[in-house]
Amino acid sequence: MDDAEVRHNQTQHRFEAGPNGALGVATYGLRDGVMTLVHTEVAADARGHGVGDRLAVAALGYARASHYRVIPRCRFMATYIARHPEHQDLVIAST
């Protein structure tokens, strides 16, 4: 699990860890250059193995590369960003 691959499923607006998101998913919405991070969920048996962190890194990396600003509505993503100041410049609002 510590090396679970994360892929971007653009059709479903989510990042997936493991096959078809079996280990975890981070969903988002896009509108007017803003990426709203809606929800992150990690399978119970995958928690504590960095899966959520890898989902956050993938989502925030995509936002930065695409020049999107970010609204972290998901508590996990908001906490991740607060703990990693290198991503705070992406944030335009939080809940």
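Right above here is the structure, for reference.
Residues numbered from 1 in each chain as written. Predicted model: local features only at pLDDT ≥ 70, side-chain atom pairs only at ≥ 80, totals over all residues. Heavy atoms only, no water.

A. Structural context of helix H1 (residues 51-65). Over its 15 residues, H1 runs 21 Å from end to end, which matches the ideal 21 Å to within 8%, given 1.5 Å per residue. Taken residue by residue, H1 has Val51, Gly52, Leu55, Ala56, Ala59, Leu60, Tyr62 and Ala63 as its buried positions. An end-on view of H1 places all buried positions within 160° of arc, on one side of the element. Backbone geometry just downstream of H1 places His67 in the positive-phi region, at approximately 60°. (Helix = DSSP H or I, 4+ residues; strand = E, 2+ residues; numbered from the N terminus. Expected span 1.5 Å × (residues − 1). Buried < 20%, exposed > 50% of the residue type's maximum accessible area, 1.4 Å probe, protein only. Arc of directions from axis to C-beta.)

B. Here's a closer look at the packing of aromatic side chains. If you walk through the whole model with that rule in mind, you get four aromatic pairs. The interplanar angle of 40° and the centroid separation of 5.6 Å between the aromatic rings of Phe15 and Tyr28 together place this pair among those described as tilted. Of this pair, Phe15 sits in strand E2 (residues 14-17) while Tyr28 sits in strand E3 (residues 24-31), placing them 13 residues apart in sequence. Grouping residues by exposure puts Phe15 and Tyr28 together as buried. Among the aromatic residues, those joined into a cluster by ring pairs are Phe15, Tyr28, Tyr62 and Tyr68. (Phe/Tyr/Trp six-rings, centres within 6.5 Å; stacked < 30°, edge-to-face > 60°.)

C. Structural view of the pairing of E2. Of the two faces of E2, the one lined by Arg14 and Glu16 and the one lined by Phe15 and Ala17 are each fully buried. Bridge count between strand E1 (residues 6-9) and E2: four bridges; the pairing is antiparallel. Counterpart to Arg7 in the pairing with E2 is Glu16. Hairpin remark: E1 followed by E2, antiparallel, with four residues in the connecting loop; positive phi at His13, about 50°. Where E2 meets E3, four bridges bridge the pair, whose relative direction is antiparallel. When the bridges of E3 are listed, Glu16 appears paired with Val25. Connecting E2 to the next strand, E3, in antiparallel fashion are six residues, including Gly18 with a positive phi near 80°. (Pairing = 2+ DSSP bridges.)

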